[in-house]
Amino acid sequence: MIKIRIDLAKNSYYIFLKNNIFNYVAKCHKKNYPGCRAIIITDNNVKKFYLTSFTNNLSKNNVKFNSYCVFPGEKSKSFHSLENLTDKIIKKGVNRNDVIYALGGGVIGDLAGFLSSILLRGIKFIQIPTTLLSQVDSSVGGKTAINTKIGKNLVGTFFQPSAVFIDPNTLITLPKKEFLAGYAEVVKYSIIDDKLFFNWLNKNSKDTFNLKSENIYKIITTCIKKKAKIVKLDEKEKKTRMLLNLGHTFAHALENELNYKVRHGEAVSVGILMAMKLSQKLGYAKKEDYYVLENHLKSSKLPIKLKQLSNNKNWQIKSIINKMQTDKKSYKGNIQFILCKGIGAAFIKKDIDTNLLKKTIEEFYI
Ligand SMILES: NC(=O)c1ccc[n+]([C@@H]2O[C@H](COP(=O)([O-])OP(=O)(O)OC[C@H]3O[C@@H](n4cnc5c(N)ncnc54)[C@H](O)[C@@H]3O)[C@@H](O)[C@H]2O)c1
């Protein structure tokens, strides 16, 4: 088993990585939280594959549990489903010693994490991420959120989990498109500060997409260690942690424009390419960096154009830019961009000319 520590000023925790992990999770619960109930939040897809296996292991270890299920997808990151879920949990009975388990992808992690941070003024929370995206990114670092009509992730908290248990074998049942969406976040990590990792990803994508165990373990541990390092330096995203948002100011606006009917990771794929294009236009990155990145995303079958995110959307540049200005990273309407001085060299930049921004986005129309 691989064990990685997330070292924080307060509330440090471990990430455990192992195939077929449910029995280990149940044993840890019994040891660390004797007599406390496990409250499992999952979605209908994940329930089908993994809920029984998890609850059988809890029962075997005499752990009492309740489970709650939401619809799969971004729509569940809403006030409506938060309220529904909270009511159901409270009606069944919950106390501060109970532990909430988020069993699912980033949507479940963000929703269950937010709920845990406000239910009874905060109860313990453990992540069991089952998508590539949640295993390499969203389950680590303590950001929780739901969306509002105005924008993505606008209501949420910083609330660290007590532990994260990752079973890479769960990726076997993950639809290919979802795996790819997670892969976009993996590419993002390499663009931020690790050209060697990018080159390795580029060279090894065939084995990675065939889920070769060695590759999957390398990818998950590399990304988590990178995130751990950044979160340790800047848990509340005052500065350095913003680098992890590479491509996300674009991506969140695109997701909102499409009413969240697009995978987050697919929007991130177009978003990181837009960030590289803007960097190139400003003279920070070379054309070659842009083309190498574009080729890798394209050969990975990730979207690189707006029409690949939605065929029938009539994209309005003004509206996209307005959405970017309501993003959390913007300050008084001034958007804070994460740009790159080439692959592996991201940095934060304010005061970008709106016309240049428009021209950059327009290049992604066709
Ligand atoms: N908190 C953070 O730091 C952070 C970071 C990045 C992204 N996010 C958020 O994560 C969300 C996206 O997460 P996601 O890509 O995991 O999406 P998701 O949670 O919607 O999961 C994608 C789909 O895969 C299904 N699924 C999950 N695991 C499966 C499995 N093992 N087998 C079969 N099907 C499975 C789900 O039911 C869903 O239909 C977004 O809302 C994004 O904002 C949060």
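Conventions adopted
Residues numbered from 1 in each chain as written. Predicted model: local features only at pLDDT ≥ 70, side-chain atom pairs only at ≥ 80, totals over all residues. Heavy atoms only, no water. Domains from an automatic or database assignment. Contact = heavy atoms within 4.5 Å. Buried area = accessible area lost by both parts, 1.4 Å probe. Salt bridge = Lys/Arg side-chain N within 4 Å of Asp/Glu carboxyl O. Polar contact = N/O pair within 3.5 Å; in protein donor to acceptor, adjacent residues only side chain to side chain. Phe/Tyr/Trp six-rings, centres within 6.5 Å; stacked < 30°, edge-to-face > 60°. Helix = DSSP H or I, 4+ residues; strand = E, 2+ residues; numbered from the N terminus. Buried < 20%, exposed > 50% of the residue type's maximum accessible area, 1.4 Å probe, protein only. Lys NZ or Arg CZ within 6 Å of the ring centre and 35° of its normal. Near = heavy atom within 4 Å. Areas by Shrake-Rupley, 256 points an atom, 1.4 Å probe, with all protein chains shown as cover. Nonpolar A, V, L, I, M, F, W, Y, C, P; charged D, E, K, R; others polar. Disulfide = S-S within 2.5 Å.

The domain architecture assigned to the chain consists of domain 1 (2-172) and domain 2 (176-362). Between the C-alpha centres of domain 1 and domain 2 there is a distance of 26 Å. Taken together, the contacts link 36 residues of domain 1 with 36 residues of domain 2. Both sides of the domain 1 and domain 2 interface together cover about 3000 Å² of buried area, and 66% of this is carbon and sulfur. Of all residues in domain 1, the largest losses of buried area upon contact with domain 2 belong to L132, V136 and K152, amounting jointly to 20% of the total for that side. Taken together, domain 1 and domain 2 are joined by five salt bridges. The salt bridge partner of E237 is K143, with a shortest N-O separation of 2.4 Å. In this assembly, domain 1 and domain 2 are joined by 13 residue pairs in polar contact (both at pLDDT 80 or more).

Next up on the list: the packing of aromatic side chains. Tallying each qualifying case throughout the model produces 15 aromatic pairs. Ring centres of F125 and F159 lie 6.5 Å apart, and the angle between their planes is 25°; this geometry places the pair in the stacked category. Linking F125 in strand β6 (residues 124-129) with F159 in the loop between β8 (155-158) and β9 (163-166), this pair joins segments that are 34 residues apart in sequence. We classify F159 as partly exposed; its relative accessible area is 21%. Counting every residue linked through ring pairs, the aromatic cluster contains F22, F49, Y50, F54 and Y101. Above the face of the Y290 ring, K277 is positioned so that its terminal group lies 4.1 Å from the ring centre.

This part is about the site of the ligand. Residues in close proximity to the ligand total 28 residues, the closest being D43, E74, T130, T131 and T173. In this structure, V107 approaches the ligand through a main-chain N or O atom, which is 3.0 Å from an oxygen atom. In the environment of the ligand, a nitrogen atom lies 2.7 Å from a nitrogen or oxygen atom belonging to the side chain of T173. In isolation the ligand exposes 870 Å². Once the protein is present, 92% of that is buried. For the shell around the ligand, the secondary-structure elements that each account for two or more residues are α2 (44-60), α4 (106-118), α5 (132-138) and α6 (176-193). If you tally residues by element for the shell around the ligand, the top one is α2, at four residues. Of the residues contributing to the shell around the ligand, the split by class is eight nonpolar, 10 polar and 10 charged. Split by domain, the residues of the shell around the ligand number at least three in each of domain 1 (2-172) and domain 2 (176-362).

Attention now goes to the state of the cysteines. One pass over the full model with this rule turns up zero disulfides. Sulfur of C36: no disulfide; nearest cysteine sulfur belongs to C28 and is 14 Å away. Between C223, a cysteine without a disulfide, and C340, which holds the nearest cysteine sulfur, the sulfur-to-sulfur distance is 16 Å.

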